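# Notes for the structure review
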Amino acid sequence: MSERDRGDWTPQELVSGGQALLRRLAEHFGSLDAQAVRPSDVDVDRISEPFLGALPERGLAFEELLTRTWEHVVPGLTQWNHPRHHAYFSNSSSAPAMLAELFTAAFNVNVMVWESAPSAAAVERQTLAWLAELCGLDWPEGDAVLVDGASLATFYALCAARERAGQHAWREHGASGGPRARIYCSDQTHSSIGKAAIALGVGLDNVVQIPAPEGVLPPTELREAIRRDRDRGLFPLAVVANLGTTNVAAIDPVEQIAEVCRAEAVWLHVDAAFGGFWRIVPELDEVLPAINGADSVVANPHKVLYCPMEVSALFSRHPRGLMDTFSLVPEYLRTPTEDDRLDHMNYSLQLGRQFRALKVWWVLQSFGRRGLRQRLDHTVSLAGQLVANIERSEHWRLAHRSPLPLVVITYHDPSRTPEQCDRIAEAVHRHVNDTGACAISHTRYQGRYALRMSIGNIHTDSRHIAALWDAVVRAEELVVEGVGHGARDTVAHSG
Ligand SMILES: Cc1ncc(COP(=O)(O)O)c(C=O)c1O
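Residues numbered from 1 in each chain as written. Predicted model: local features only at pLDDT ≥ 70, side-chain atom pairs only at ≥ 80, totals over all residues. Heavy atoms only, no water.

The protein goes by Amino acid decarboxylase in an unreviewed UniProt entry, where it is assigned to Kutzneria albida DSM 43870. The annotation that UniProt attaches to the protein under Cofactor (unreviewed entry) is "pyridoxal 5'-phosphate". We quote the UniProt Sequence similarities (unreviewed entry) comment for the protein here in full: "Belongs to the group II decarboxylase family." (UniProt positions renumbered as here; feature names shortened; annotations may be inferred.)

Structure follows, in structure tokens:
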């Protein structure tokens, strides 16, 4: 066996492989405008076929791997980091964050205890302090941690809520024998709250979804629901409020909800996964409610702050709120570091943790506060451009008016029933995505089929928004013309 067969690539090979990859990525970003956002055909067999071969016995040259990847993987991707990707929540992986991922993988440190990665832990603490500031949180003594996503962050927050309520020794005795806990939220709240209830042993039946006819959680109904439950001997565990719902980016009246929670002694978790960082834009700072009155908050740099997945920031107002919930230190993890707050393993279920703070730290410093503000401000103005088009249109209406750059529309035509209009909207959705020119997604809001167009990719500019609206209008013409020419059944049965 030669030395080559035993070890890693040489540093020179790393450089030439890295340069080859960077060259390809430079070409990729240079030609994004001409590329489709979605594969033209997502048939499972067709997409999977190139990957079905046996594991090669001998290693491939990296150039060959790159060629295969660009031949078979890239065309089968829905390109999230594309200026015309508007589905779900549009996000971005910016250049500094991409390079940070390379650094992170290269050093591969494990940020579990201070001693295992001292400066990485220091970077994480500072990054979290900056992120808290951007969200308008003033919790210098609280706990904070970076996790992989908002879903897990919310789960951890609700675990901390349960621990702090002190109604039962949950850590020691588990859920069995404890009181029946209840979690309150609006019926617009993300499915991650239900998933957290499943994992906590609270159960979906105990997620009290309060109707939100205008998209937002009504504080009075919330207070009544909590009091009713308490009178029945149930245990009101937590309220989850939204700063930007997934459906329409609706914003709950968080300050009033915080008052209810304070008066009723119930933990308030704010899901600011999407909405948390937009207050950097002065115009939005004026209209977004303060979230400082919450007990915990989650906000996602991987949605808004130009960082690739996965990175989500969880904050708890309470010193040791997360630590008292999750810290469990066996002998093999003990270190001489006296301050256990420096050991990030104590804040969540995760032990081995990647250095995910670096990409956020690089982005925050590369763009600076001003650069972030300018970029987010630009995005808000692009949403305004799209809204202006909608307001001039004959049949499309905004389903909800949010200050955040998620534009959600429904189709209205007085000569058709709402069901027929919904089928038209659904067919338009399919047509737009089938062209590959843009990617949009959908939801049901107030009973209607709604098209969701999220704006937030770092490459998106005014011409992409014009192309998006053009794609919607052209699809509408095609669908409506099809209906007029006897293709009504196609549309009528598309749902
Ligand atoms: C409001 C809201 N909360 C939570 C989540 C879950 O986030 P993650 O994918 O980071 O778990 C999402 C995802 O889109 C969301 O929109």
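Alright, that's what it looks like, and here's the rest.
## Side note on the overall build of the protein
Secondary structure assignment for the protein yields 17 helices and 11 strands. Relative to a compact globule of 495 residues, whose C-alpha radius of gyration would be 23 Å, the protein shows 25 Å and is just as compact. With the C-alpha coordinates of the protein rotated into their principal frame, the extents come out at 75 × 70 × 45 Å. Within the protein, the fraction of its 495 residues that count as buried is 51%. A fraction of 74% describes how many contacts in the protein between residues 6 or more apart in sequence connect residues 24 or more apart. Counting every atom, the protein has about 23,400 Å² of accessible surface; 52% of that belongs to carbon and sulfur. (Helix = DSSP H or I, 4+ residues; strand = E, 2+ residues; numbered from the N terminus. Rg over C-alpha atoms; globule rule 2.2 N^0.38 Å. Buried < 20%, exposed > 50% of the residue type's maximum accessible area, 1.4 Å probe, protein only. Contact = heavy atoms within 4.5 Å. Areas by Shrake-Rupley, 256 points an atom, 1.4 Å probe, with all protein chains shown as cover.)

## Structural notes on the pattern of salt bridges
Side-chain pairs of opposite charge can arise whenever the charged atoms involved come near each other. Throughout the structure, instances matching the rule amount to 20 salt bridges. Residue D33 pairs with R463 through a salt bridge whose shortest N-O separation is 2.6 Å. Of this pair, D33 sits in the loop between α2 (11-30) and α3 (44-48) while R463 sits in helix α17 (residues 462-492), and the two are 430 residues apart along the sequence. Look at D33 and you get partly exposed, because its relative accessible area is 35%. Across the pair D229 and R232 runs a salt bridge, and its minimum N-O distance is 3.3 Å. A relative accessible area of 3% places D229 in the buried class. Sharing partners across several salt bridges, the network here consists of R182, D229 and R232. (Salt bridge = Lys/Arg side-chain N within 4 Å of Asp/Glu carboxyl O.)

## Let's talk about the site of the ligand
Inspection of the region around the ligand gives 13 residues, with A150, S151, T246, D271 and K303 positioned closest. A150 is positioned with one of its backbone polar atoms (N or O) 2.8 Å from an oxygen atom of the ligand. Here an oxygen atom of the ligand and a side-chain polar atom of T246 are 2.8 Å apart. In the complex, the protein chains occlude 83% of the 390 Å² of accessible area that the ligand would expose alone. Residue composition of the shell around the ligand, grouped by class: 3 nonpolar, 8 polar and 2 charged. (Near = heavy atom within 4 Å. Polar contact = N/O pair within 3.5 Å; in protein donor to acceptor, adjacent residues only side chain to side chain. Nonpolar A, V, L, I, M, F, W, Y, C, P; charged D, E, K, R; others polar.)

## Focus on a nonpolar patch on the surface
Nonpolar side chains collect at one region of the surface, where F51, V73 and L77 lie side by side and expose about 250 Å² of accessible area between them. Tracing the backbone shows V73 in helix α4 (residues 62-73). (Patch = residues over 30% accessible without salt bridge, like charges linked within 9 Å, V, L, I, M, F, W, Y side chains within 5 Å.)

## So, the pairing of strand β9 (residues 406-411)
Counting buried residues along β9, 6 of its 6 residues qualify, which places the element largely inside the surrounding structure. Residues L406, V408 and T410 line one face of β9 and the alternating positions V407, I409 and Y411 line the opposite face, and both faces are buried. With 3 bridges connecting them, strand β8 (residues 396-398) and β9 associate as antiparallel partners. By the bridge assignment for β9, R397 is matched with T410. Pairing between β9 and strand β11 (residues 448-454): 4 bridges, direction antiparallel. The residue of β11 that forms the bridge with I409 is L451. (Pairing = 2+ DSSP bridges.)

## Details of the sheet that holds strand β2 (residues 181-186)
In any sheet, the strands associate via hydrogen bonds between backbone groups, in a parallel or an antiparallel arrangement. What the 7 strands build is an open sheet, ordered β1-β7-β6-β5-β4-β2-β3; its pairing is mixed. Of all strands in the sheet, those bounded by a partner on one side alone are β1 (143-147) and β3 (207-210). Strand-to-strand twist in this sheet, taken as the mean axis angle between neighbours without regard to direction, amounts to 20°. Two elements, β1 and strand β7 (residues 312-316), share 5 bridges in a ladder whose sense is antiparallel. The partner of V145 across the bridge, within β7, is L314. In the packing of helix α7 (residues 150-165) onto the sheet, contacts are made with β1, β2, β4 (235-242), β5 (267-272), β6 (296-299) and β7, and the angle to β4 comes to roughly 145°. (Axes fitted to C-alpha atoms, helices over the stretch in contact; angles between N-to-C directions.)

## So, the side chain of H344
As for its position among the elements, H344 is in the loop between α14 (323-326) and α15 (357-392). A residue is classified by how much of its surface remains accessible, and H344, at 1% relative accessible area, is buried. Excluding its chain neighbours within four sequence positions, the residues that come into contact with H344 are V111, M112, A121, E124, R125, V145 and R353.

## Quick look at the sheet that holds β11
One open sheet accounts for 4 strands, arranged β8-β9-β11-β10; its pairing is antiparallel. Looking at the sheet topology across the chains shown, the edges are occupied by β8 and β10 (441-445). Pairwise comparison of adjacent strand axes, ignoring direction, gives a mean angle of 40° for this sheet. Two strands pair when backbone bridges link them, and β10 and β11 are joined in this way by 5 bridges, in the antiparallel orientation. Bridge pairing links S441 to R452 in β11. In the packing of helix α16 (residues 418-435) onto the sheet, the strands contacted are β8, β9, β10 and β11, and the crossing angle to β11 comes to about 30°.

## Some points on the domain arrangement of the protein
Considered domain by domain, the protein is made up of domain 1 (109-353) and domain 2 (365-492). Taken over C-alpha atoms, the centre of domain 1 sits 32 Å from the centre of domain 2. The partner domain 2 presents 24 residues to the 30 residues of domain 1 that form the contact. With both chains or domains summed, domain 1 and domain 2 bury close to 2,200 Å², and 71% of this area falls on carbon and sulfur atoms. Contact with domain 2 buries area across many residues of domain 1, yet V248, W278 and Y306 alone supply 32% of it, more than any other trio. For the interface between domain 1 and domain 2, the tally reads 1 salt bridge. Mapped onto the side of domain 1 that touches domain 2, the elements with two or more residues apiece are α6 (118-135) and α12 (282-285). Of the residues assigned to the side of domain 1 that touches domain 2, the class counts are 20 nonpolar, 7 polar and 3 charged. (Domains from an automatic or database assignment. Buried area = accessible area lost by both parts, 1.4 Å probe.)

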